[in-house]
Amino acid sequence: MTDENIKAIDEKIRQSSDREGKYLTFVLAGEEYGIGILKVREIIGMMTITTVPQTPRYVKGVINLRGKVIPVMDLRLKFGMEPMEYTERTCIIVVEITGPMRKIPMGIVVDSVSEVLNIKASDIEETPNFGNRLETGYILGMAKTGGGVKILLDIDKVLNNEELTALERAA
Amino acid sequence: MTLNQQLLLGSAASAVLILFGGTLGYLGTGEYLNGIIGKGALMTILAVGTLLGTCLSLGIGYLISRRVGTAIGGSIAGLSDNTAQVAAASSQVASASQSLAEGASVAASAIEETSSSLEEMSSMIKKALENSGQMTKSGDITFTAMKNSHKSLRETDACMKRIGESGTAAAKIIKTSDEIAFQINLLALNAAVEAARAGEAGAGFAVVAEEVRNLAMRSAEAARNTETIIGEMSREIKEGMTLVTKTLEEFYRMGDEGKKTNTLIKEIDSAMKEQAEGIEQINRAIAEMDKITQQSAANAEETASAAEELSAQAAQMESFVAELSAITGGQGRNNGGGQAFLTTDLVAGHTKEGHRAPGGGGIHKALAYRDGKESGPGRTTGRGPTTVVRPDQIIPLEDDELKSF
């Protein structure tokens, strides 16, 4: 067994133990997703979003959260799903994205927020390989809960660096 | 002794009287004239004069008796004709009034039948009138009931509307509580996030947050259930309201039809009343007609008896005429045939000519008739029943007629 191998295994173990913990679950197009609770700053209901010109389609604009201007993006649009009319169940989850320079607070629009779940490491599976071409880096893993599967997102990787830089500039 | 014979006797008596007178004259004047002319010549003159006077008186007596007999015979013939005509007319009147009486009795029976039919009709109409009166009452009751139920329906409609409004208000409240539950849920989630950030210190707080969240979820579920129930209720209320509206529409139509029916029933009722009145009038008229018919039947019977009486009188008159005819001596011999002829004529309705026949030449016709020389059908003896026979028509008293003698 080479050092590299040992190093890889260690990484894996570390990762899996890292992944264990509390997740905030939400619904997007009928599917359950989870975000690590420490990434979440707060959850708010839908509020007035001010559109910002010359931004990507998934960026809905900015909101004024208690005096702080925070960019908001629609996760449906980001994931290439059908857009949906916002309802009273539509929520904005304010997360902290670790950008290249600093932590960026950011709102993500989801269909509805479900609950805070404690997920054990044993319930988390690796992301299955859909082929090299598909980018699955933003998925932390698949959490088995009950009869279903929840997709755990690595919110930092949902946006790539360029996008983050743009967002930092916008904010 | 016939009239002619009597007249002849009269003539003979006058001749004897003349002879007697001549003889007396001769005895008185003979002494005086004996001196003037010879006694033989005087005797001869006297004899011839006496003979001549006797012959003349006999001739004149014969002529007069013949003339008078002829005239009376004509009168008797006319009288006989008239009598026959009267008899025929009276028999006609009798038969006519007989048939009139029969007709009247037939009419009376027909009227009786009509009257009984009318009575039946009248009773039927009375019954129908009663029924229609009841129908009117029922119609009124139905109409009132319909009005009442219409009112109730309208109240039901209003009540349903109010219930619907209450449901809407309740739905609003439920929505509010659902929103509140949602907000509490969000707060609980935020609390959980904060607890997680606090690490070990926030563990207890996390449990509280979880409980709060559970309560919020239960509250939200209750709200949802209530909302479902209210939604169902309001849907049913809507259906009920639609039904009520439909029923109301039907009721309006029913009310209209009921009004029409009521009007029609009332019209029928009044028409029937009028009909009953009309029948009453007809009844009265029929009763009047019955009275009149009975009266006319009685009248006809009276007329018939009068005609019979007339007929009997005519027969009696005929016998008188026959007696008269016998007295004048065979002048009415041919009257039997003449009567028969006249009767035929009368029945055939050809009496008009006969009525106008008399005139200046009446005597010739009468004579011809008596003698039976010109008894052709065209030469009727022609005295109608109404002809008044004047003596101057039969006995020519004019000078020119007398001259011929």
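Residues numbered from 1 in each chain as written. Chains lettered and ligands numbered in written order. Predicted model: local features only at pLDDT ≥ 70, side-chain atom pairs only at ≥ 80, totals over all residues.

## Describing the overall build of chain A
- A count of helical and extended segments in chain A gives four helices and eleven strands.
- Burial status across chain A gives 27% buried among its 171 residues.
- Partitioning the contacts of chain A with sequence separation of at least 6, the portion at a separation of at least 24 is 55%. (Helix = DSSP H or I, 4+ residues; strand = E, 2+ residues; numbered from the N terminus. Buried ≥ 20, exposed ≤ 12 C-beta atoms within 10 Å, placed from the backbone. Contact = placed C-beta atoms within 7 Å.)

## Looking at unusual backbone geometry
All names here are of chain A.
- Of note in this structure, A29 is not a glycine but carries a positive phi near 55°.
- Along the chain, A29 turns up in the loop between β1 (21-28) and β2 (31-36).
- Given 13 C-beta atoms within 10 Å, A29 falls into the partly exposed group.
- One non-glycine residue, Q54, lies in positive phi territory at about 60°.
- Counting through the fold element by element, Q54 comes out in the loop between β3 (40-45) and β4 (59-65).

## Some details on the sheet that holds β4(A)
All names here are of chain A.
- Strands sit in the order β3-β6-β7-β5-β4 across an open sheet of five strands; the sheet is mixed. Each edge of the sheet is formed by a strand with only one pairing partner; in this case those strands are β3 and β4. The sheet shows a mean angle of 30° between the axes of neighbouring strands, taken without regard to direction.
- Examined bridge by bridge, strand β5 (residues 68-74) and strand β7 (residues 103-110) share three bridges and lie parallel to one another. The partner of M73 across the bridge, within β7, is I108. (Pairing = 2+ DSSP bridges. Axes fitted to C-alpha atoms, helices over the stretch in contact; angles between N-to-C directions.)

## Looking at the sheet that holds strand β11 (residues 148-153) of chain A
- As summarised here, the arrangement of the six strands in space is β8-β1-β2-β11-β10-β9 (chain A), forming an open sheet in which the pairing is mixed. Edge positions in the open sheet fall to β8 (112-119) and β9 (124-125) of chain A, since each of these has one partner strand only.

## Points about the interface of chain A and chain B
- Taken together, the contact pairs twelve residues of chain A with ten residues of chain B.
- At the level of elements, β1, β3 and β8 of chain A are the ones that each hand at least two residues to the side of chain A that touches chain B.
- The element contributing the most residues to the side of chain A that touches chain B is β3(A), with four residues.

## Digging into the packing of helix α2 (residues 39-198) of chain B against helix α3 (residues 203-328) of chain B
Residues and elements named next belong to chain B.
- Two elements in contact, α2 and α3, have axes separated by 2 Å at closest approach and are oriented at 175°. Our classification of the angle between α2 and α3 gives roughly antiparallel.
- Each residue belonging to the contact of α2 with α3 can be placed in one class, and the counts come to 71 nonpolar, 42 polar and 17 charged. (Parallel < 35°, antiparallel > 145°, perpendicular 65-115°, else oblique. Nonpolar A, V, L, I, M, F, W, Y, C, P; charged D, E, K, R; others polar.)

This is a description of form; function is not addressed.
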